[in-house]
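Read off the chains here:
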Amino acid sequence: MKVNLTIGKIALGNVAEGLALFGPQDRYLHLIEQGSTAKINTRGDEITITGESKEVQALEQLFEVLLELVRNNYTLSERDIAYALELSKEMKADQLLELFKGEIATTYRGKPVRIKTIGQKQYVNQIRKNDIVFGIGPAGTGKTYLAVVLAITALKEGHVKRIVLTRPAVEAGESLGFLPGDLQEKVDPYLRPLYDALNDVLGPDQVIKSLERGLIEIAPLAYMRGRTLEDSFIILDEAQNATPEQMKMFLTRLGFGSKMVITGDVTQIDLPRGKKSGLVEAERILRDIREIGFTYFSEQDIVRHSLVQKIIVAYIKDLEQQS
């Protein structure tokens, strides 16, 4: 059966555009070639695409979107190329222009923090709209990082008076009582990822000052019992390791003028065998309450090294085969 081939052409403005678009040693171009069956030729200031009509249209959209990002001084990454290629297969690559257009914050080093995926956009919109939001999905999707960024923004803009960050202190084969050091030193390793996110956005010096002034509080989940948290932005990280009792206790700490974000990955539960996850139960019990937002991230939303995405996909496939 004869296949009718279509030829598409994309004009480049100059050599610099081509270098930014194709990446170091043409790495981005090779990535696009590996993900498609069309033939892509680059000569001078023109890209020629030869293949089936549907794929040529998708690649034309892809290159036009990537070029517009380059022309708007956006520095492309390998992750951006992979995600744009996936979207282009459904003719959705143009959605990247809206995603990357604005920045939701800047780090203390002046680096812009941007929404990178459609899942992240939904998550950020839900946090802005709702008082309680669940972000559920695999590692590397920016669930905790974006929540911390929005919490810091809310604090700076005066929408809240403090930030409260918490995690369940699940013991991995060791009892907390037998670990060396005082109580703070015992629980700090469990809370380190929260410090890392804060340090990246605020800077270590500002984080220390904010902790000393009580503007930021970082504590294990057990410390939340018996409190009502008002005018606060509260983040519960690694929520899959909270018990149902802890989750109910945490959710009922919500006070006036406060916002809660609960993040977790239901495939990474470290609770003892037979113990139910509070995140799984909360999802089942609360999913019909309209004022509570649920964002479900997929492996497509992973914004770390591209290998992280491949590793997680491989584990998901293995889990599906075993079940």
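The following refers to the structure shown. Note that the structure is a prediction, hence the values are computed from the model and not measured. (Residues numbered from 1 in each chain as written. Predicted model: local features only at pLDDT ≥ 70, side-chain atom pairs only at ≥ 80, totals over all residues. Heavy atoms only, no water.)

## Here we look at the nonpolar core
Counting 65 residues, the largest nonpolar core has Leu21, Ile32, Ile47, Phe63, Leu66, Leu76 and Phe233 as its most contacted members. Residues contacting Phe233, with those up to four places away along its chain left out, are Ile127, Ala147, Leu150, Ala151, Ala154, Val160, Arg162, Ile163, Val164, Lys259 and Val261. If you look at the next biggest cluster of nonpolar residues, it comprises 23 residues, including Ile136, Leu236, Met247 and Phe250. (Core = buried A, V, L, I, M, F, W, Y, C linked by side-chain atoms within 4.5 Å. Buried < 20%, exposed > 50% of the residue type's maximum accessible area, 1.4 Å probe, protein only. Contact = heavy atoms within 4.5 Å.)

## A short note on the sheet that holds strand β1 (residues 5-11)
Across a sheet, paired strands are connected by hydrogen bonds in the backbone, their directions being either parallel or antiparallel. Taking strand neighbours across the sheet as the criterion, the 3 strands line up as β1-β3-β2 in an open arrangement whose pairing is antiparallel. Of all strands in the sheet, those bounded by a partner on one side alone are β1 and β2 (39-43). Direction aside, the axes of adjacent strands within the sheet are offset by 15° on average. Bridge count for β2 against strand β3 (residues 46-52) is 5 bridges, and the pairing is antiparallel. Counterpart to Ile40 in the pairing with β3 is Ile49. (Pairing = 2+ DSSP bridges. Helix = DSSP H or I, 4+ residues; strand = E, 2+ residues; numbered from the N terminus. Axes fitted to C-alpha atoms, helices over the stretch in contact; angles between N-to-C directions.)

## What to know about empty space enclosed by the protein
Throughout the structure, instances matching the rule amount to 1 cavity of 30 Å³ or more. Quantified by volume, the largest cavity comes out at close to 30 Å³. Residue lining of the largest cavity: Arg79, Asp80, Tyr83, Phe100, Lys116, Thr117 and Val303, and that is the complete set. In terms of residues, the lining of the largest cavity owes the most to one element, helix α4 (residues 78-88), which gives 3 residues. Grouping the amino acids of the lining of the largest cavity by side-chain chemistry returns 3 nonpolar, 1 polar and 3 charged. (1 Å grid on protein atoms, 1.4 Å probe; cavity = no way out; pocket = protein on both sides within 12 Å on 5 of 7 lines; lining within 4 Å. Points joined across faces, edges and corners; volume = space filled by probe spheres on them. Nonpolar A, V, L, I, M, F, W, Y, C, P; charged D, E, K, R; others polar.)

## Here we look at the environment of Gly110
Counting through the fold element by element, Gly110 comes out in the loop between β4 (105-106) and β5 (112-113). Residues Gly110 and Val201, 91 residues apart in the sequence, show an inter-C-alpha distance of 9.2 Å.

## A word on helix α6 (residues 118-129)
Since one α-helical turn is 3.6 residues long, residues separated by three or four positions face the same way. The terminal C-alpha atoms of α6 lie 17 Å apart, and with 12 residues this matches the ideal 16 Å at 1.5 Å per residue to within 8%. On its buried face, α6 sits against β6 (132-136), α7 (143-156), β9 (232-236), β10 (259-264) and β11 (292-296). (Expected span 1.5 Å × (residues − 1).)

## Overview of unusual backbone geometry
With phi around 55°, Met91 is a residue other than glycine that occupies positive phi space. Within the secondary structure, Met91 sits in the loop between α4 and α5 (95-101). Phi is positive for Asp231, which is not a glycine, with a value near 50°. Tracing the backbone shows Asp231 in the loop between β8 (216-220) and β9. On the basis of relative accessibility, which here comes to 26%, the residue Asp231 falls in the partly exposed class.

## Section: the packing of helix α2 (residues 27-34) against α4
One way to put it is that α2 packs onto α4 with a least axis distance of 10 Å and a crossing angle of 25°. With respect to α4, the element α2 is oriented roughly parallel. When the axes of α2 and α4 are compared, the crossing they make is right-handed. Residue-level inspection shows Arg27, Tyr28, Leu31 and Ile32 of α2 in contact with α4, the latter providing Glu78, Ile81, Ala82 and Leu85. Classifying every residue of the contact of α2 with α4 by side-chain character gives 6 nonpolar, no polar and 2 charged. (Parallel < 35°, antiparallel > 145°, perpendicular 65-115°, else oblique. Left-handed = near helix turned anticlockwise from the far one by under 90°.)

## A word on a nonpolar patch on the surface
Nonpolar side chains collect at one region of the surface, where Val266, Ile269 and Val280 lie side by side and expose about 190 Å² of accessible area between them. Tracing the chain through its elements places Val280 in helix α11 (residues 278-286). (Patch = residues over 30% accessible without salt bridge, like charges linked within 9 Å, V, L, I, M, F, W, Y side chains within 5 Å. Areas by Shrake-Rupley, 256 points an atom, 1.4 Å probe, with all protein chains shown as cover. Salt bridge = Lys/Arg side-chain N within 4 Å of Asp/Glu carboxyl O.)

## Digging into the layout of surface pockets
Approximately 1100 Å³ is the volume attributed to the largest pocket. Taken together, 36 residues make up the lining of the largest pocket; nearest its centre are Gly140, Gly142, Tyr145, Val303 and Arg304. Counting residues per element, the ones that place at least two in the lining of the largest pocket are α4, β5, α7, α8 (183-202) and β10. Its residues assigned to classes, the lining of the largest pocket comprises 9 nonpolar, 12 polar and 15 charged.

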